[in-house]
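The lines below spell out each chain.
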Amino acid sequence: MEPLLLAFTLFLSSLICYIIFQPILNRHKNLPPSPLFKLPIIGHMHMLGPLLHHSFDRLSQKYGPIFSLNFGSVLCVVASTPHYAKQILQINEHAFNCRNESTAIKRLTYEASLAFAPYGEYWRFIKKLSMNELLGSRSISSFQHLRLQETHNLLKLFADKAKNYEAVNVTQELLKLSNNVISKMMLGEAEEARDVVRDVTEIFGEFNVSDFIWLFKKLDLQGFGKRIEDLFMRFDTLVERIISKREELRKNKGRKENKGEQGAEFRDFLDILLDCAEDQNSEIKVQRVHIKALIMDFFTAGTDTTSISTEWALVELMNNPSLLQKAREEIDNVVGKNRLVDESDGPNLPYIQAIIKETFRLHPPVPMVTRRCVTQCKIENYVIPENSLIFVNNWAMGRNSAYWDKPLEFNPERFLKNSTNSNGVIDVRGQNFQILPFGSGRRMCPGVTLAMQEVPALLGAIIQCFDFNFVGPKGEILKGGDIVIDVNERPGLTAPRVHDLVCVPVERFACGGPLQSLGC
Ligand code: HEM
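Throughout what follows, the structure given in this document is the object of discussion. The structure displayed is predicted, hence computed values, not measured ones.

### Description of the overall build of the chain
Here is step 1: On a plain count of helices and strands, the chain comes out with 17 helices and 10 strands.
Here is step 2: Principal-axis analysis of the C-alpha atoms gives the chain an extent of 90 × 60 × 45 Å.
Here is step 3: Per-residue burial over the chain gives 55% buried out of 520 residues.
Here is step 4: A separation threshold of at least 6 residues defines the contact pool for the chain, and within that pool the share at least 24 residues apart is 71%.
Here is step 5: Accessible surface, the chain: about 23,200 Å² in total, of which carbon and sulfur atoms supply 54%.
Here is step 6: For the chain, the distance from the average position of its 60 positive side-chain charges to the average position of its 60 negative side-chain charges is 4 Å.

Okay, structure coming up:
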């Protein structure tokens, strides 16, 4: 036989053997169920669309509440029910307390971030520091005036646009607001990082085949390498400038000069990190890369997520005018028409809180909690091998009719205490496994308290003061009952709407009203 023909025959027979025997071998290993048809080299990758959480939801209808897929040489396990979410995030937490680090994540987090650090001494030190100095209740209260100021700036902008009957890109303005809030809390000033932050969260969620197929490791078929390096340069330049400026300030004036609004000595998170870096006795030797990584962490984790949730809530209310009306009645009754909603009103606005929870159910800003298996683990009869990638599909759980009545309907009532169903007591802080917008367990989001204080107040203040005429994709202006805003998503680590929300704001109160306090 010709050598070429022989090679081809050998290749073809090994391909056939692989396709026939691989699923049988997998079943013997007791892996979670998996689609039978798997291609050599890429495995099941051909079955996935751009929105991974949608593809996984579709596959779970066929392969069950826990199933496995091969992404090249990497085994991925997808859980789509509260039962398996609890098994992974609580009962067997020790086996799943790390995250996957793609090439993009490794480079852009300087391999030193909190969100992607392996569970261990460094992670514990930084998480404690972050909770004590940035995201604990005391710090959140002390930074409240910064958030209020940013909300007021946004309302003033909307009022200006309303007077001139001009459109405003609400998506961009919300992103700017949450960027400024995080930036001022961390760095004491508003650093413009929203473009780089959105690009970073997008690339973190994208599928780089080189991360999964060893054959392609060096090839960079999708051009990720260049994008990652460009992003790295943009972010590193920004963060170097911020740190160097602060170091200079500390050298020249001494950090005691950095005063808060009330004149008391005030240290922001950057100062605290620089103090740690100078402290010879610090538990962990904090280096410059750690500081950069943490700035990246908080910008990426805290900017997009907060603005996406506010936007989704606003879109759902615009699509459901009767719910918007109800929300306003609550605000008018509790807060009145002469002052603006603020964060202290949150606990007295249960309907607004229910709107936020319902938004998290239908549009979780982080659609999947992703982890890595650090030690082989058994979940019921299934073996989850070490180094498997784990996805808990939050998005799918929120839309499953087994746990939610009419799941595709936006209905905040389901989160009210007096509602006829039993969901009234359901919270979003990681204990009710059918809704996990902030994850669960030790790696749960440390920003939950901040987000649950900031988002309802921001949404409340916006809808208290403004109606919105929606500007459609062709520039057409739609009003009131005509509005049906599309709810399609964009791929990435987070799930924002595919199009920016552009609206013409209309002041609710022709004269007077709560905006008067801002001089509008
Ligand atoms: C609506 C707002 C937010 C949502 C929906 C959200 C969601 C999440 C989710 C799902 C996780 C993964 C949890 C897990 O693995 O169990 C996470 C982790 C994290 N989030 Fe948030 N987040 C939000 C706001 C924030 C804010 C405001 C900050 C900080 C300023 C923040 C900082 C972090 C950090 C540092 C982690 C990694 C924690 C770790 O690995 O130990 N998040 N977030």
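### Observations concerning the pairing of strand 7 (residues 389–393)
Here is step 1: Burial of strand 7 is extensive: five of the five residues sit out of reach of the surface.
Here is step 2: Neither face of strand 7 is open: one carries L389, F391 and N393, the other I390 and V392, and all of them are buried.
Here is step 3: Alignment of strand 2 (residues 74–79) against strand 7, held across four bridges, turns out to be parallel. Within strand 7, the residue paired with C76 across the bridge is L389.
Here is step 4: Relative to strand 7, strand 4 (residues 368–372) runs antiparallel, the two being bridged by five bridges. The residue of strand 7 that forms the bridge with R372 is L389.

### Comments concerning the pattern of salt bridges
Here is step 1: Counting across every chain of the model gives 32 salt bridges.
Here is step 2: A salt bridge links R250 to E278; the nearest nitrogen and oxygen atoms lie 3.2 Å apart. On the criterion of sequence distance, the pair formed by R250 in helix 10 (residues 224–253) and E278 in helix 11 (residues 269–278) is long-range, its members being 28 residues apart.
Here is step 3: R508 is the partner of D332 in a salt bridge, and the nearest nitrogen-oxygen pair spans 3.1 Å. Taken together, the positions of D332 in helix 14 (residues 321–334) and R508 in the segment after strand 10 (502–507) put the pair 176 residues apart, joining distant regions of the chain.

### Quick look at the coordination of the iron atom of the ligand
Here is step 1: Here the protein supplies the iron atom of the ligand with just one donor, C445 (SG), and that contact is 2.3 Å long.
Here is step 2: Within the fold, C445 resides in the loop between helix 16 (394–398) and helix 17 (448–465).

### What about the site of the ligand?
Here is step 1: Around the ligand sit 28 residues in total, of which R99, W123, R371, R443 and C445 are the nearest.
Here is step 2: Contacts to the ligand include W123, whose side-chain N or O atom sits 2.8 Å from an oxygen atom.
Here is step 3: When residues of the shell around the ligand are traced back to their parent elements, those giving at least two are helix 5 (121–135), helix 12 (288–302), helix 13 (304–319), strand 4 and helix 17.
Here is step 4: Class assignment of the residues belonging to the shell around the ligand gives a composition of 18 nonpolar, six polar and four charged.

### A look at the sheet that holds strand 9 (residues 477–478)
Here is step 1: Read from one edge of the open sheet, four strands run 3-10-8-9, paired in antiparallel fashion. Each edge of the open sheet carries a strand with a single partner, namely strand 3 (168–169) and strand 9.
Here is step 2: By the bridge criterion, two bridges tie strand 8 (residues 466–471) to strand 9 in an arrangement that is antiparallel. Note on strand 9: the bridge partner recorded for V471 is I477.

### Describing the environment of D467
Here is step 1: With respect to the element layout, D467 can be found in strand 8.
Here is step 2: We classify D467 as partly exposed; its relative accessible area is 30%.
Here is step 3: Along the primary structure D467 and I426 are separated by 41 residues, whereas in three dimensions their C-alpha atoms are 30 Å apart.
Here is step 4: Not counting residues up to four positions away in its chain, the partners in contact with D467 are L324, R328, V504, P505, V506 and R508.
Here is step 5: Among the polar contacts made by the side chain of D467, one reaches the side chain of R328 at a distance of 2.9 Å.

### Some points on the packing of aromatic side chains
Here is step 1: Summed over all chains, the structure comprises 15 aromatic pairs.
Here is step 2: Each ring, one from F56 and one from F71, has its centre 6.4 Å from the other, and the planes form 25 degrees; the classification is stacked. Of the two residues, F56 is situated in helix 2 (residues 52–63) and F71 in strand 1 (residues 66–71); the sequence distance between them amounts to 15 residues.
Here is step 3: Where F116 meets F204, the ring centres are 5.8 Å apart and the plane angle is 80 degrees; that geometry is what we call edge-to-face. With F116 in the loop between helix 4 (103–108) and helix 5 and F204 in helix 9 (residues 194–205), the pair connects residues that are 88 residues apart, well separated along the chain. The two residues F116 and F204 agree in class, both being buried.

Cut-off values and rules
- Residues numbered from 1 in each chain as written.
- Predicted model: local features only at pLDDT ≥ 70, side-chain atom pairs only at ≥ 80, totals over all residues.
- Heavy atoms only, no water.
- Helix = DSSP H or I, 4+ residues; strand = E, 2+ residues; numbered from the N terminus.
- Buried < 20%, exposed > 50% of the residue type's maximum accessible area, 1.4 Å probe, protein only.
- Contact = heavy atoms within 4.5 Å.
- Areas by Shrake-Rupley, 256 points an atom, 1.4 Å probe, with all protein chains shown as cover.
- Lys, Arg positive; Asp, Glu negative; His and termini not counted.
- Charge placed at Lys NZ, Arg CZ, Asp CG, Glu CD.
- Pairing = 2+ DSSP bridges.
- Salt bridge = Lys/Arg side-chain N within 4 Å of Asp/Glu carboxyl O.
- Donors = N, O, S within 2.8 Å, 3.2 Å for Na, K, Ca; no water.
- Near = heavy atom within 4 Å.
- Polar contact = N/O pair within 3.5 Å; in protein donor to acceptor, adjacent residues only side chain to side chain.
- Nonpolar A, V, L, I, M, F, W, Y, C, P; charged D, E, K, R; others polar.
- Phe/Tyr/Trp six-rings, centres within 6.5 Å; stacked < 30°, edge-to-face > 60°.

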